[in-house]
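What follows is each chain in one-letter form.
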Amino acid sequence: MRQGEVAPQGKWTGSPQGGVKAPDALILPDPATRFARTAARLDSLSAGHSMEAWLRFMARLAAAQHIVADAMGPVAGPDREAVEQAVEARLPPLAADRHGRDPSWRDGWVQRLDGADDRAIPAPGLNR
């Protein structure tokens, strides 16, 4: 309850045991279209926007990410055993301090940097 609010007067309707019965399904984005759609959306939003240069830059970045993701193909996730061990230990399966990324992400990063155009980065400050 937030400060200053009145306590709810309704009757509890949840499970007496509490907790979540079943998590909602996790729907992952389609890697073949995820960055391309983001690029198109940002590009369409940029026209006439006060942050037009920044939005166009981000659209170009998303387009480059699409090219790299398309060239790299799918990357394997964590193995089932590692996920089960993390769940048993009540730890996140993809914790930043323990998750070993697939080395192919570096190849993708190099591809992205090789295609970078420093002149495309908007100057700091207000758009005019």
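Above this text sits the structure in question.
Model, not experiment: these values are computed from the prediction. (Residues numbered from 1 in each chain as written. Predicted model: local features only at pLDDT ≥ 70, side-chain atom pairs only at ≥ 80, totals over all residues. Heavy atoms only, no water.)

Help me get a handle on the pattern of salt bridges, residues and values and all.
Applying the stated criterion across every chain yields a total of three salt bridges. The residue Asp43 makes a salt bridge to Arg56 at a minimum N-O spacing of 2.8 Å. In this pair, Asp43 sits in helix 1 (residues 34-46) while Arg56 sits in helix 2 (residues 52-72), placing the two residues 13 residues apart along the sequence. On the basis of relative accessibility, which here comes to 37%, the residue Asp43 falls in the partly exposed class. (Salt bridge = Lys/Arg side-chain N within 4 Å of Asp/Glu carboxyl O. Helix = DSSP H or I, 4+ residues; strand = E, 2+ residues; numbered from the N terminus. Buried < 20%, exposed > 50% of the residue type's maximum accessible area, 1.4 Å probe, protein only.)

Could you give an account of the packing of helix 2 against helix 4 (residues 104-114), with specific residues and numbers?
Packed helices, taken two at a time, are described by the angle their axes make and the gap between the axes. Taken N-terminus to C-terminus, the directions of helix 2 and helix 4 make an angle of 135 degrees; their axes are 10 Å apart at the nearest point. The angle between helix 2 and helix 4 falls in the class oblique. Where helix 2 crosses over helix 4, the handedness of that crossing is right-handed. When helix 2 is examined against helix 4, the residues Leu61, Ala64, Val68, Ala71 and Met72 are found in contact with a partner set consisting of Ser104, Trp105, Gly108, Gln111 and Arg112. (Axes fitted to C-alpha atoms, helices over the stretch in contact; angles between N-to-C directions. Parallel < 35°, antiparallel > 145°, perpendicular 65-115°, else oblique. Left-handed = near helix turned anticlockwise from the far one by under 90°. Contact = heavy atoms within 4.5 Å.)

Now, about helix 2: what can you tell me, with residues and values included?
Helix length check: helix 2 (21 residues) gives 30 Å between terminal C-alpha atoms against 30 Å at 1.5 Å per residue, within 8%. Within helix 2, burial applies to Leu55, Phe57, Ala59, Ala62, Ala64, His66 and Val68. For helix 2, the elements touching its buried residues are helix 1 and helix 4. Positive phi appears at Gly73, one or two residues downstream of helix 2, with a value of about 80 degrees. (Expected span 1.5 Å × (residues − 1).)

Kindly report on the packing of helix 1 against helix 2, identifying the contributing residues and their values.
Between helix 1 and helix 2, the shortest axis-to-axis distance is 8 Å and the interhelical angle comes to 165 degrees. Looking at the two axes, helix 1 sits roughly antiparallel to helix 2. For the crossing formed where helix 1 meets helix 2, the hand is left-handed. Here Phe35, Ala36, Thr38, Ala39, Leu42, Asp43, Leu45 and Ser46 of helix 1 lie close against helix 2, whose contacting residues are Glu52, Leu55, Arg56, Met58, Ala59, Ala62, Ala63, Gln65, His66 and Ala69.

Would you mind going over the environment of Val68 in detail, with residue names and values included?
Here Val68 is to be found in helix 2. Note on Val68: relative accessible area 9%, which makes it buried. Through-space distance from the C-alpha of Val68 to that of Val110 is 9.5 Å; in sequence the pair is 42 residues apart. Once you skip the residues sitting within four places of it in the chain, Val68 turns out to touch Gly108, Gln111 and Arg112.

It is worth stressing that arrangement in space is one thing and function is another; only the former is reported here.
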